[in-house]
Structure formats: structure tokens, C-alpha cells
Amino acid sequence: MTRQEALELLKQHVSNKNLVNHCIACEAIMKRLAKHFGEDEEVWGLAGLLHDLDYDYTKDKPEEHGYKSVEILGNSVSEEIKNAILAHCEKKTPETLMEKALYAVDPTSGFIVAAALIKPEKKLAVVDVEFLKNRFKEKGFARGANREQMKSCENIGLSLEEFYSLSLEAMKSIAEEIGL
């Protein structure tokens, strides 16, 4: 499956523009991490882009989240991508580097968006790693962003600071596309 096909499929199945933007942000971060680790950027990017493909169907049935995406995707993507999708929502234990990365990336993209939105400019350009680290300590900030899940970046050999740096760099590169 090409990136364009994946994006069209995502837009066909996900009605919320913010969620589509979340998936695009996760794609960008996954590609940046793949580059950092010398992995296949396209494969990692597709895992990020498609990870919430089933959200419209499963938002009220979290026990089905991930499984429905795998069903929709069928044989159009590799088992590696499907396993990463299942691992991001705890339907399987993250084992591979890509699975562990997507697990950490999912809440991080939303956390970074929340950080940009509390700035007067409402732009990613004014967010830096230090600002993210300070917000991380504030339990009331971006409550939906699971801190332990973000900290699991250590399982792929990155400190939270390094992880935020790579994630922020990736998201800034697509800021215009996601309206930030």
C-alpha cells in the first residue's frame, strides 16, 4: 500500500479531521524515528498513519480497537504493520522496535499538539523540548496523554528529552499540513 492509498483509506474511515491530523502527526514521528534507527521509513510511517483507522467504529467499543483496523487492512499491509497497530492499543505486548515506538508515539503527538495550543501563537514553531518537559510534570496538563506510555520511549533506547526532540522535529516538518 502506498502512502497516498493509506491516506485515502484513513480519510474514508475516519470522519474527524483532528484525528486524521493525529494520524498524520504519528506518521511523521514514526518516519523520523525510523530514520534515527536506520529502519524502513515508509513501513514505519504507514504504521503511524493507519494506527487509528478503526476509531469511528470502535470509539464506544475500546475492546475492538486495533482488531477492526487489522480487519479493514486485510492483506494490504504487512504483518509487521498490523502487529504495531495491535501493540499501540495494548492488544499485544510491544515486542519489536516499531511496535514499541508506535506505543510511545501515540500519546506523544497529542501531548505536543496540546502544548502548541496553549501558546498564544497556537503554533508548533514556538514549542521547544524544555517546554514539553515542564508540561510533562504537570499532571493536569493534557490528561489524556499517558505519561507512562510516553516514558516507554526508554524501551527503544531514547531518553524522554531525545524522544521529544525527534518527535517535535517531525511534527514541525508537517506543521502546515496539520494546521499548527
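See the structure printed just above.
Keep in mind it's a predicted model, so treat the numbers as computed, not measured.

Reading the values: rules and limits
- Residues numbered from 1 in each chain as written.
- Predicted model: local features only at pLDDT ≥ 70, side-chain atom pairs only at ≥ 80, totals over all residues.
- Heavy atoms only, no water.
- Core = buried A, V, L, I, M, F, W, Y, C linked by side-chain atoms within 4.5 Å.
- Buried < 20%, exposed > 50% of the residue type's maximum accessible area, 1.4 Å probe, protein only.
- Helix = DSSP H or I, 4+ residues; strand = E, 2+ residues; numbered from the N terminus.
- Contact = heavy atoms within 4.5 Å.
- Expected span 1.5 Å × (residues − 1).
- Polar contact = N/O pair within 3.5 Å; in protein donor to acceptor, adjacent residues only side chain to side chain.

What is the right way to read the nonpolar core from this model?
Considering soluble globular proteins, one finds that nonpolar side chains tend to be buried as a cluster. Formed by 61 residues in total, the largest nonpolar core has its most connected members in Leu 33 and Leu 124. Per-element tally for this core: the top contributor is helix α2 (residues 17-37), with 11 residues. If we ignore the near neighbours within four places in the chain, the residues touching Leu 33 are Trp 44, Ala 101, Val 105, Leu 158, Phe 163 and Leu 166.

Is there a simple way to think about α2 in this case?
Residues spaced three or four apart along an α-helix point in a common direction, a consequence of the helix completing one turn every 3.6 residues. Here α2 is 21 residues long and its end C-alpha atoms lie 30 Å apart, about the 30 Å a rise of 1.5 Å per residue gives. Its side-chain oxygen 2.7 Å from the backbone nitrogen of Asn 18, Asn 16 forms the N-cap of α2. Positioned one or two residues after α2, Gly 38 has a phi angle of 70°, which is positive.

Would you take a moment to explain unusual backbone geometry for this structure?
Trans peptide bonds make up the majority, and among non-glycine residues the majority have a negative phi. One non-glycine residue with positive phi stands out, namely Lys 122, at about 55°. In this structure, Lys 122 sits in the loop between α7 (97-117) and α8 (129-136). The class of Lys 122 is partly exposed, set by a relative accessible area of 43%. At Ala 142, a residue that is not glycine, the phi angle is positive and equals roughly 45°.

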